[in-house]
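Given next are the chains, with one letter for each unit.
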Amino acid sequence: MERTSVLITGCSSGIGLALAAHLAADSGHRFKVYATMRDLAKSERLLERLGSCCPDTLEVLQLDVTDPHSLAAAAQRVQGQQLDVLVCNAGVGLMGPLETCSDLAMKTLFDVNFFGAVRTIQAFLPAMKRRRAGRIIISSSIGGLQGLPFNAVYCASKFAVEGLCESLAIVLRPFNIHVTLVECGPVHTSFLANLQCPDPEGSELQGLDAETRGLYRRYLQHCQSLFRDAAQEVEEVLPVFLEAIVSLCPPLRCASTQLLAPLWRLRLGSPDGSAYVRAMHDFVFCGSEVGGDQP
């Protein structure tokens, strides 16, 4: 049986690592996985998940989505192989008051989250179009659907990805190429630990007004309770990606969680946005229930 070939970016940890390991270990050997990561020294964790050996269903490649030469080398490596599925999973985070976000930090985040996805799609899309078949799956976020406090730049990058993919899906329809955004909520990975997040008591916020510092402290407390009580494990998220890979007609958008669905519906139902802004503020800073009555 011909295997479905899948290339995944950002496989050194989290969802990318788990998805690559799951597909490579498939009992039916249905997949050939190209697991890519910026730093190949971090491939040990992936190999450990597979019994410290690299099965013939897996090939680990170096790929830095911010480096066109690295992308070209990876595309060259899989050239001649039919790439059926591209999973753009590489991403970084940036949290904190907007006044504290440096130009460099914001540009770096967009270089990975948005331009990295663009470059990756550009590298592999022409071959899919020539074959008139394929699917592109993007690790998105509920932060790509609705604004989240103290995540302004991160949400901006994910909003950009959502617009990119929705626009692209329209053009790719006659090519039989499906685009799917997987919108994740809080997930227990190293993402939160690795994101740039200023200490509310640190020097970075010394010039910030006291009221915003107080709101930021409360937001961090909210995040801690949210991750403690409602965050998903990676294994709970994988079925959404797997369904997007094997489905005959995958949707443009699918959510891994319904955690903030009531707020999302409120956002859609209130075109001027005021009800959503009020409800999200109350949810984060006043302890309101997600689906509770709103004034």
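Residues numbered from 1 in each chain as written. Predicted model: local features only at pLDDT ≥ 70, side-chain atom pairs only at ≥ 80, totals over all residues. Heavy atoms only, no water.

**Observations regarding helix H6 (residues 152-172)**
(1) Moving on: Taking 1.5 Å as the rise per residue, H6 with 21 residues should run 30 Å; its terminal C-alpha atoms sit 30 Å apart, in good agreement.
(2) Moving on: What H6 keeps buried is the set Val 153, Tyr 154, Cys 155, Ser 157, Lys 158, Val 161, Glu 162, Cys 165, Leu 168, Ala 169 and Leu 172. (Helix = DSSP H or I, 4+ residues; strand = E, 2+ residues; numbered from the N terminus. Expected span 1.5 Å × (residues − 1). Buried < 20%, exposed > 50% of the residue type's maximum accessible area, 1.4 Å probe, protein only.)

**Description of the packing of aromatic side chains**
(1) Moving on: What the rule picks out here adds up to four aromatic pairs.
(2) Moving on: Each ring, one from Phe 150 and one from Phe 285, has its centre 6.5 Å from the other, and the planes form 85°; the classification is edge-to-face. Of this pair, Phe 150 sits in the loop between strand S5 (134-141) and H6 while Phe 285 sits in helix H11 (residues 274-285), placing them 135 residues apart in sequence.
(3) Moving on: A relative accessible area of 15% places Phe 150 in the buried class.
(4) Moving on: Its relative accessible area of 12% is what places Phe 285 among the buried residues. (Phe/Tyr/Trp six-rings, centres within 6.5 Å; stacked < 30°, edge-to-face > 60°.)

**Here's the deal with the environment of Glu 235**
(1) Moving on: Checked against the element boundaries, Glu 235 lands in helix H9 (residues 234-246).
(2) Moving on: Sequence separation between Glu 235 and Gly 134 is 101 residues; the distance between their C-alpha atoms is 25 Å.

**Some details on the confidence of the model for the protein**
(1) Moving on: When pLDDT is averaged along the protein, the result is 92; 96% of the residues meet or exceed 70.
(2) Moving on: For residues 291-295, every residue scores under 50 in pLDDT, and the model assigns this stretch seven contacts once sequence neighbours within four places are set aside. (pLDDT = per-residue confidence, 0-100. Contact = heavy atoms within 4.5 Å.)

**Thoughts on unusual backbone geometry**
Glycine aside, residues mostly have negative phi, and peptide bonds are mostly found in the trans state.
(1) Moving on: For His 29, which is not glycine, the phi torsion reads 50° and is therefore positive.
(2) Moving on: You can call His 29 partly exposed: its relative accessible area is 44%.
(3) Moving on: The phi dihedral of Asn 176 falls on the positive side, at around 60°, and the residue is not glycine.

**Considering the nonpolar core**
Nonpolar side chains tend toward joint burial in soluble globular proteins.
(1) Moving on: The biggest cluster of nonpolar side chains holds 32 residues, and the ones touching the most others in it are Ile 8, Val 33, Leu 46 and Phe 241.
(2) Moving on: For this core, the secondary structure elements donating two or more residues are strand S1 (4-8), helix H1 (14-24), strand S2 (31-37), strand S4 (85-88), strand S6 (177-184) and H9.
(3) Moving on: Take this core: its biggest share by element is eight residues, from H1.
(4) Moving on: Setting aside anything within four residues of it in sequence, one finds Ile 8 in contact with Gly 16, Leu 19, Ala 20, Leu 23, Val 33, Tyr 34, Ala 35, Thr 36, Val 87 and Asn 89.
(5) Moving on: Formed by 30 residues, the second largest nonpolar core is a distinct cluster that contains Leu 63, Ala 75, Ile 138 and Val 161. (Core = buried A, V, L, I, M, F, W, Y, C linked by side-chain atoms within 4.5 Å.)

**Brief notes about the pattern of salt bridges**
(1) Moving on: Enumeration according to the criterion identifies 11 salt bridges in this entry.
(2) Moving on: For Asp 56, the salt bridge is made with Arg 3, and the minimal N-O distance between the two is 3.5 Å. Of this pair, Asp 56 sits in the loop between helix H2 (44-49) and strand S3 (58-62) while Arg 3 is found in the segment before S1, placing the two residues 53 residues apart along the sequence.
(3) Moving on: Among the residues examined, Arg 3 registers a relative accessible area of 30% and is labelled partly exposed.
(4) Moving on: With a shortest N-O distance of 3.9 Å, Lys 32 and Glu 59 are connected by a salt bridge. (Salt bridge = Lys/Arg side-chain N within 4 Å of Asp/Glu carboxyl O.)

**Some points on the sheet that holds S4**
(1) Moving on: One open sheet accounts for seven strands, arranged S3-S2-S1-S4-S5-S6-S7; its pairing is parallel. With partners counted over all chains shown, the strands left at the sheet margins are S3 and strand S7 (253-255), one partner each. Neighbour to neighbour, the strand axes of the sheet diverge by 20° on average, direction disregarded.
(2) Moving on: As defined by bridge partners, S1 adjoins S4 across three bridges and the pair is classed as parallel. Bridge pairing in S4 places Val 6 opposite Val 85.
(3) Moving on: Each of S1, S2 and S3 is contacted by helix H3 (residues 68-78), which is oriented at about 155° to S3, the strand it contacts most.
(4) Moving on: In this fold H9 packs onto S2, S4, S5, S6 and S7, with an angle of close to 155° to the strand it touches most, S5. (Pairing = 2+ DSSP bridges. Axes fitted to C-alpha atoms, helices over the stretch in contact; angles between N-to-C directions.)

**Some thoughts on the packing of helix H8 (residues 210-229) against H11**
(1) Moving on: H11 packs onto H8 with a crossing angle of 75° between their chain directions and a minimal axis gap of 9 Å. Overall, the two elements H8 and H11 adopt an arrangement that is roughly perpendicular. Packed against H8, whose contacting residues are Leu 215, Arg 218, Tyr 219, His 222 and Leu 226, the element H11 presents Phe 283, Val 284 and Phe 285 at the interface.
(2) Moving on: Tallied by class, residues from the contact of H8 with H11 come to six nonpolar, one polar and one charged. (Parallel < 35°, antiparallel > 145°, perpendicular 65-115°, else oblique. Nonpolar A, V, L, I, M, F, W, Y, C, P; charged D, E, K, R; others polar.)

**Structural notes on the packing of H1 against H9**
(1) Moving on: Where H1 contacts H9, the axes come no closer than 10 Å and their chain directions differ by 60°. Taken together, H1 and H9 sit at an angle that is classed as oblique. In this structure, H1 meets H9 at a crossing whose hand is right-handed. Seen from H1, the contacting residues are Gly 14, Ile 15, Ala 18, Leu 19, His 22 and Leu 23; seen from H9, they are Val 234, Val 237, Leu 238, Phe 241, Leu 242 and Ile 245.
(2) Moving on: Tallied by class, the residues present in the contact of H1 with H9 amount to 10 nonpolar, two polar and no charged. (Left-handed = near helix turned anticlockwise from the far one by under 90°.)

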